[in-house]
Structures are given as C-alpha cells and as structure tokens.
Amino acid sequence: MISPHELKDKTFQKVVRGYSITEVDEYFEFLIDKYTELYRENAELEKKLHVMSAKYDELSNDEKSIREVIVKAQKLGERIVESAKNEANATISSVSARCDEIVARTKEKVNAEREKIAELSQTAEEFREKLYAQYLEHLKLVKAMDVDSGLISDSEIEKEAMGISSKDAESAPAEDSDVIAPSSEKTESAE
C-alpha cells in the first residue's frame, strides 16, 4: 500500500505544455488500482466489523441473559435453602412434639403402674396381717387343746363367743398365761 506522503512527494516532469500526460495517466492508473485495492479491503473490513459488531451485540445480549439466569438461579437456590430449612424446622418441631407426647404417656403409664404396685403392696400387707392374725388364732386353738388339761379355758370360750378378733385379744391384758406369741414360741422350742 502506498502511504499519503508518497502521494504528496510524487513529482511529474515538466514539459513545454505541462506534465507528461502518459506519466500522469500511468500514475493515476496506479493510484486507481491501489485505491480500488484499499477500497475492497475497507469494504471487507467493514463487513467484518459489522459481523463482529453483530456477534458482540449477540454475545452482549447472551451475557445479559446469562447474568439474569445466574441471578435467578441464585434467588431460586436461596428460596430452596430457606424452604428446606423451614421444612427441617417443621419436621424437628413435629418429631419433638411427638417425643414429648410419648414421654408424657410413658410417665403416665409409669405412674399408673406405681399406683398399681402400691395398691398391690397394700393388699399384700393386708393379706399378710390377716394371715398372721389367723395364724395366731390357730396357735391359740392348738395351745388350748392341751392333752393334759383337755379343756379350753373359760376366757377363750368367752372371747370366741363374743367374736373378739385376735388383734383385740392381743391388745387386751392377757388373762391366760397359756397364750404365747409366735416369737416367744420360737424361743421356747429352741430351749
């Protein structure tokens, strides 16, 4: 390509009536060829510029779209995380409430069973006391059946006739020295 200063520096030979027509025509031909070449290059570059500009605009639009998608994805991700946290908190609350219910029911059952055990203990204690009273009564009857005496003491017959319980008989002053408590009977048998 020819530079602008080369165009300015070009000198033509002077002839009687001016410049040489053939030189000027040749140089104009040369310039026209170069100009045409430059014009074509410029046209191609402009086409490329338009194509690149269109691609740039397209990429710029794509970039904007991608940024919008990324922002939307971030917001969606935040909503999903928040929703998952809320769901997890609700599940934890639900499970905690169910656990509290189960613990409360279990405590109620334990307390009910303790009450039953207390009732059974009370019933067993009452049964033991009745059995012990009957045992004492039986011992008194066996003692009264002494082979040597053969007869039951009058006080025993009165007690039995009046229906005095063995507890009442124990708390009353002992008139009959023959009646022995189970603990003292053991000590006699040990001797």
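Reading the values: the criteria
- Residues numbered from 1 in each chain as written.
- Predicted model: local features only at pLDDT ≥ 70, side-chain atom pairs only at ≥ 80, totals over all residues.
- Heavy atoms only, no water.
- Helix = DSSP H or I, 4+ residues; strand = E, 2+ residues; numbered from the N terminus.
- Buried < 20%, exposed > 50% of the residue type's maximum accessible area, 1.4 Å probe, protein only.
- Contact = heavy atoms within 4.5 Å.
- Salt bridge = Lys/Arg side-chain N within 4 Å of Asp/Glu carboxyl O.
- pLDDT = per-residue confidence, 0-100.
- Phe/Tyr/Trp six-rings, centres within 6.5 Å; stacked < 30°, edge-to-face > 60°.
- Expected span 1.5 Å × (residues − 1).

Asks: Would you mind going over the overall build of the protein chain with me for this structure?
Replies: Along the backbone of the protein chain there are five helices and two strands. Order of helices (α) and strands (β) in the protein chain, N terminus to C terminus: α-β-β-α-α-α-α. Counting every position in the protein chain, which comprises 191 residues, the buried fraction comes to 8%. Sequence separation of 24 or more characterises 51% of the internal contacts of the protein chain that already satisfy a separation of 6 or more.

Asks: So what exactly am I meant to see when it comes to the pattern of salt bridges here?
Replies: When their charged atoms lie close together, side chains carrying opposite charge are able to pair. Per the counting criterion, the structure on display carries three salt bridges. Ionic pairing is found between Glu 63 and Arg 67, a salt bridge with its closest N-O pair at 2.7 Å. Linking Glu 63 with Arg 67, this pair stays in helix H2 (residues 21-144), spanning four residues, or about one helical turn. Residue Glu 63 is classed as partly exposed on the basis of its relative accessible area of 39%. Close ionic contact of Glu 113 with Lys 116 constitutes a salt bridge, the shortest N to O distance being 3.7 Å. Note that Glu 113 and Lys 116 are positioned in helix H2 at a spacing of three residues, about one turn of the helix. The exposure class assigned to Glu 113 is partly exposed, which follows from its relative accessible area of 41%.

Asks: Would you mind showing me how to read the confidence of the model for the protein chain here?
Replies: Close inspection of predicted coordinates is inappropriate for parts of the model with low pLDDT. Averaged over the protein chain, the pLDDT score is 78; the fraction of residues at 70 or greater is 72%. Looking over the protein chain, one finds the lowest element-wise mean pLDDT in helix H5 (residues 182-190), namely 42, and the highest in H2, namely 90. For residues 173-191, every residue scores under 50 in pLDDT, and the model assigns this stretch 16 contacts once sequence neighbours within four places are set aside.

Asks: Is there a simple way to explain the packing of aromatic side chains in this structure?
Replies: For any pair of aromatic rings, geometry is given as the distance between the ring centres together with the angle between the planes. Tallied over the full model, the rule gives two aromatic pairs. On the numbers, 6.0 Å between centres and 35° between planes, the contact of Tyr 27 with Phe 30 is tilted. Here Phe 30 and Tyr 27 lie together in helix H2, a separation of three residues that amounts to about one turn. Residue classification places Phe 30 among the partly exposed residues on the basis of a relative accessible area of 35%.

Asks: Any chance you could explain H2 here in plain terms?
Replies: Side chains of residues three or four places apart in an α-helix project in the same direction, reflecting 3.6 residues per turn. For H2, which comprises 124 residues, the first-to-last C-alpha distance of 178 Å matches the rise-based estimate of 184 Å (1.5 Å per residue) to within 8%. Where H2 is concerned, the buried positions are Val 24, Tyr 27, Ser 60, Ala 133, Leu 136, Leu 139, Lys 140 and Ala 144.

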